Amino acid sequence: MKGAYLDNSATTPPHPEVLDLMSRVQEQFFGNPSAIHYKGIEAKRIITAARRQVANVLGVREQEIIFTSGGTEANNLAICGAARRNRKRGDHLVTTAFEHHSTINCFRYLEKEGFRASYLPVDASGMIDLEMLQHEIGPATTLVSIIHVNNEIGTILPLTAIGRIIKTKNPRTLFHVDAVQSFARLTLDPEGWQADLISCSSHKIHGPKGAGCLWVKRGTPLDPLLHGGGQEAGLRSGTENTAALAGFGLAARISGSAQGKKETAFVTLKRTFLKRLEESGIDFSVNGPEPEKAAPHIINLAFPGIKAEMLLHALEEKQVYVSAGSACHSRHPEPSHVLKAIGLKDDLLTGSLRFSFSILNDLDEITLAAKETTDAVEYLRSLFK
Amino acid sequence: MSRRTVYMDHSATTPVREEVVEAMLPFYHELFGNPSSIHAPGRTVRRAVEEAREKTALALGAEPGEIFFTAGGTESNNITLRGAAKKRGEPGHIITSSIEHHAVLDVCSELAAEGHRVTFLPVDQYGRVSIDQLQEAITPDTFLISIMAANNEIGTLQPISAIGEVARERKILFHTDAVQIAGQLPIDLKKLNVDFLSLSAHKFNGPKGIGALYVRKGAKVTPLYSGGGQERKLRPGTENVPGIVGLSRAMELAVAEIKDKKKRLEALRYKMITGLMAIDETILNGHPEERLPNNVNVSFKHVEGEAVLLSLDLEGIAASSGSACSSGSLDPSHVLRAIGLDHPTAHGSIRFSLGWGNTEEDVDYLLEVIPRVVNNLRRISPTYRTNGSRKE
Ligand SMILES: Cc1ncc(COP(=O)(O)O)c(C=O)c1O
Ligand SMILES: Cc1ncc(COP(=O)(O)O)c(C=O)c1O
């Protein structure tokens, strides 16, 4: 592709190896993994291999990986499944104000079912107040759900400290982590976090759409959302999508290998991008955490006085693709709940863009994107002078 | 090793057709965008999703706005049943049949545990529900009827059109699990009084992990998942675009070829049934005529179906006993018990399901292999001897 695709937090292009594997699986291993004949057994084996690959990247036991159709389903299964299953023990749930909509809307839904929910506010960098967290957790708190890396501004939440607070205050409170934006890019530490449930999605790590997983620590009490044939240890019925799961497994392995080196590569991309923009002299500011403290693959910038959508379309003409708000809501031009949560005011709220990188981006693309952004910003400002 | 392989388990799942793969491929490569993104890569993909919706609607006689893409048949069924119950709010009455797929039965059992009343209609020896019994089961608080269009184990077709009439008259929502019938027999939603219809692409030579739910305009359910606003909020989550495109292409192909395929499969089915019934003490399960063109389900008395399956597998023939998803379990199938088979007979049943790619030679090969397999197993069967039946 000419130009630069910098919307990798919305979705990523699949790895070529992943596509090769998927077409082979689709062709040769089409059997139903639950069938007991040869075609079934060989399909089952493919899924087992994928499960092992995903488990290895997460550093967990493979039996604890429940495959789903994506991150949204994984979050729904974790949150609704844990809340409902543990209702006898308590009706209180905790999350933050800047989660992905699949988490926030689960909480809203559960509130309608009679649960009580606390939404922890975040500061300008997207950080929650740990004392407030500690204060919120009580004997009736059955679940805390916290995003690892925020998808719009890249805040990395201090999950080890959060986990310690949760488990010290109430050892029976379950801890769910939405790791959709960090899995196979940053190092995940389920044990150190004392997490019980972790959501991941395939299409954010150069795997296919329509696959994801929920890690369910052994013994975690959870109700299924889908009933039926009892696949995935009874937690997720439905014929398994063998090809997509195989693709997910391989994508996890490829994206998750040499993580340290890749983090450095992301850091270089981000630093270069910011440096070029600073050199250009245009007026912009960084939303959320300091760039060096945030996830290396996400940066959210505000361009005062400019409408984000106009800038987005101007960049698009140069084949530079970015996003305003998160993808799933970017068709509804309401200001982002994340940017509102970190306290951005009107002008910046509607003048912010997210740039998100992947391991397939190179420095040339970054330089091009910085140049096109500069040109577009200058052009738009000249129009409205 | 040039072992002959014959795949006769198309009701469990089907291979994806070349044309379908071709249609999907661009959406893995250059068209990988997220359909919710407002930039050009996103918009192009959004258009493809909407075109797929139009094609799917056209194939079913529905409006595009009535088609929702899901992650498969199980999810479509779960969304409908749980969503209709949730929408209603207060406890009520649901009517289903005793031979539904677990993706309906188990949700119904859950709903019963949560306070709804559920009637599981019995079926006759062929697996058909009776319209009279349906009428009698209806009470003032009945809000949903869920009856499958075709059964996945014995292939029996239900009188969907008559059930729809009853539902319309009594103002009750009607859902049909059409996972097995889609792509096999024509579905015209303009003529059927159906409010919800579930289907799954991997049963008609499309990809796995993608399904559709038809929701008649005006019919309402509460969504199962919360999240972004995808699929007009009924099914949030980043869309499985290649899957959606694959489903619509597979549907288009299936519908275009439906008449020829039906004729071809019925001829193969006839030959198979005739051949299998020539083995003594063999019973045909399901309805003699009102059945899917691709389904053959027989019980060989005095043998274990699983043993037959394994022997067939060694000969390169893939078939199934019970439905795929419960093959791991030892309980005889709930469907075979519902049509009145005793345990030993149910245990001796095998489902052969034909599909795209099966030939007359495949059937010849099966008919050549199977008498030997069954007779070998019967030779070591205690009941076969004590019955004093003929020995070889
Ligand atoms: C943080 C986060 N959680 C969950 C999701 C949902 O994942 P999916 O698109 O696979 O349903 C996304 C992406 O859309 C995300 O960024
Ligand atoms: C009648 C019927 N309904 C529902 C399903 C579930 O479909 P899926 O496996 O695509 O979720 C199946 C197949 O497994 C089926 O045969």
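Please read all numbers here as calculations on a predicted model, not as lab measurements.

S.K.: Can you walk me through the overall build of chain A in this structure?
M.R.: Along the backbone of chain A there are 13 helices and twelve strands. Taking 385 residues into account, the globule formula puts the C-alpha radius of gyration at 21 Å, and chain A, at 21 Å, falls close to it. A principal-axis box enclosing the C-alpha atoms of chain A has dimensions of 70 × 55 × 35 Å. The burial tally for chain A puts 60% of its 385 residues in the buried class. Within chain A, contacts between residues separated by at least 24 positions form 76% of all contacts whose residues are at least 6 apart in sequence.

S.K.: Even after reading the chapter, I still don't get the domain arrangement of chain A, so can you show me in this structure?
M.R.: Interfaces are frequently sized by the accessible area removed from exposure as the parts join. All names here are of chain A. Split by domain assignment, chain A resolves into domain 1 (4-12 + 258-383) and domain 2 (16-256). Taken over C-alpha atoms, the centre of domain 1 sits 27 Å from the centre of domain 2. At the interface, 28 residues of domain 1 touch 29 residues of domain 2. Elements represented by at least two residues in the side of domain 1 that touches domain 2 include exactly α9 (259-280), β10 (298-302) and α11 (337-341).

S.K.: What's the story with the site of ligand 2 in this structure? I'm lost.
M.R.: Among the 17 residues in the neighbourhood of ligand 2, the closest are listed as A:Thr239, B:Gly73, B:Thr74, B:Asn152 and B:Ser200. Chain contributions to the surroundings of ligand 2 come from chains A and B. Among the elements that make up the shell around ligand 2, the one with the highest residue count is helix α3 (residues 73-88) of chain B (three residues). Each residue belonging to the shell around ligand 2 can be placed in one class, and the counts come to four nonpolar, twelve polar and one charged.

S.K.: In this structure, what is going on with the interface of chain B and chain A? I would like to understand it.
M.R.: On the side of chain A, 58 residues touch chain B, which itself brings 57 residues to the contact. Elements with a minimum of two residues in the side of chain B that touches chain A: α2 (40-60), α3, α4 (102-113), α7 (241-256) and α9 (305-314) of chain B. Per element, the largest residue contribution to the side of chain B that touches chain A is five residues, and it comes from α4(B). Looking at side-chain class alone, the side of chain B that touches chain A contains 24 nonpolar, 26 polar and seven charged residues.

S.K.: It is not clear to me how the packing of α2(B) against α7(B) should be interpreted in this structure. Could you clarify?
M.R.: Describing two packed helices takes the angle between their axes plus the distance from one axis to the other. Residue and element names in this part refer to chain B. Close contact between α2 and α7 brings their axes to 9 Å; oriented N to C, the two are set at 30°. As summarised for this structure, α2 and α7 are arranged roughly parallel, according to the angle between their axes. When the axes of α2 and α7 are compared, the crossing they make is left-handed. Contacts between α2 and α7 involve Val45, Ala48, Val49, Ala52, Lys55, Thr56 and Ala59 from the first element and Val241, Ile244, Val245, Leu247, Ser248, Met251, Glu252 and Val255 from the second. Of the residues belonging to the contact of α2 with α7, the class tally is eleven nonpolar, two polar and two charged.

S.K.: Would you explain the site of ligand 1 in this entry?
M.R.: For ligand 1, the set of nearby residues contains 17 residues, the closest of which are A:Gly70, A:Gly71, A:Thr72, A:Ser201 and B:Thr238. More than one chain reaches ligand 1: the nearby residues come from chains A and B. The dominant element in the shell around ligand 1, judged by the number of residues it contributes, is helix α3 (residues 71-85) of chain A, at three residues. Split into classes, the residues belonging to the shell around ligand 1 amount to three nonpolar, 13 polar and one charged.

S.K.: Just to check I follow, could you spell out helix α1 (residues 16-28) of chain A for this structure?
M.R.: One full turn of an α-helix is made of 3.6 residues, so residues set three or four places apart face in the same direction. The first and last C-alpha atoms of α1(A) sit 18 Å apart over 13 residues, in line with the 18 Å expected at 1.5 Å per residue. Those residues of α1(A) not exposed but buried are A:Val18, A:Leu19, A:Met22, A:Val25 and A:Gln26. Within α1(A), the buried residues cover an arc of 130° as seen down the axis, which keeps them to one side. Those residues of α1(A) that are exposed and aimed more than 90 degrees away from the buried face are A:Pro16 and A:Asp20. For α1(A), the secondary structure elements touched by its buried residues are α2 (38-58) and α8 (242-256) of chain A together with α1 (18-24) of chain B.

S.K.: Teacher, can you tell me more about the domain arrangement of chain B here?
M.R.: Residues and elements named next belong to chain B. In terms of domain boundaries, chain B breaks down into domain 1 (6-14 + 258-379) and domain 2 (18-254). A C-alpha centroid distance of 27 Å is found between domain 1 and domain 2. In this assembly, 27 residues from domain 1 lie in contact with 28 residues from domain 2. Of all elements in the fold, only α8 (258-277), β10 (295-300) and α10 (334-338) reach the threshold of two or more residues within the side of domain 1 that touches domain 2.

S.K.: I tried to follow the environment of A:Leu349 on my own but got confused; where do I start?
M.R.: As for its placement among the helices and strands, A:Leu349 is situated in helix α12 (residues 346-349). Between the C-alpha atom of A:Leu349 and that of A:Ala324, which follows or precedes it by 25 residues, the distance is 9.9 Å.

S.K.: I would appreciate a short explanation of unusual backbone geometry in the present structure.
M.R.: Working note: non-glycine residues mostly have negative phi, and peptide bonds are mostly trans. Residues and elements named next belong to chain B. The phi torsion at Asn205 lies on the positive side, around 65°, for a residue other than glycine. Note that Asn205 resides in the loop between β7 (196-200) and β8 (211-215). Judged by C-beta crowding, with 26 C-beta atoms within 10 Å, Asn205 ranks as buried. Its identity as a non-glycine residue notwithstanding, Glu231 has a phi of 50°, on the positive side.

S.K.: Honestly, the sheet that holds strand β6 (residues 173-177) of chain B in this entry has me stumped. Any pointers?
M.R.: Within a sheet, adjacent strands bond to each other through the backbone by hydrogen bonds, running parallel or antiparallel. Residues and elements named next belong to chain B. Taken in spatial order, the seven strands line up as β2-β8-β7-β6-β5-β3-β4 in an open sheet, and their pairing is mixed. Two strands bound the open sheet, and with one partner strand each, they are β2 (67-70) and β4 (117-121). Between one strand axis and the next, the sheet turns through 20° on average, direction left out of account. Looking at chain direction, strand β3 (residues 93-97) and strand β5 (residues 142-146) are connected through four bridges and run parallel. Across the sheet, Ile94 pairs through a bridge with Leu144, a residue of β5. α4 rests against β3, β4, β5 and β6 of the sheet, and its axis sits at about 155° to β3.

Analysis parameters
- Residues numbered from 1 in each chain as written.
- Chains lettered and ligands numbered in written order.
- Predicted model: local features only at pLDDT ≥ 70, side-chain atom pairs only at ≥ 80, totals over all residues.
- Helix = DSSP H or I, 4+ residues; strand = E, 2+ residues; numbered from the N terminus.
- Rg over C-alpha atoms; globule rule 2.2 N^0.38 Å.
- Buried ≥ 20, exposed ≤ 12 C-beta atoms within 10 Å, placed from the backbone.
- Contact = placed C-beta atoms within 7 Å.
- Domains from an automatic or database assignment.
- Near = placed C-beta within 6 Å.
- Nonpolar A, V, L, I, M, F, W, Y, C, P; charged D, E, K, R; others polar.
- Axes fitted to C-alpha atoms, helices over the stretch in contact; angles between N-to-C directions.
- Parallel < 35°, antiparallel > 145°, perpendicular 65-115°, else oblique.
- Left-handed = near helix turned anticlockwise from the far one by under 90°.
- Expected span 1.5 Å × (residues − 1).
- Arc of directions from axis to C-beta.
- Pairing = 2+ DSSP bridges.

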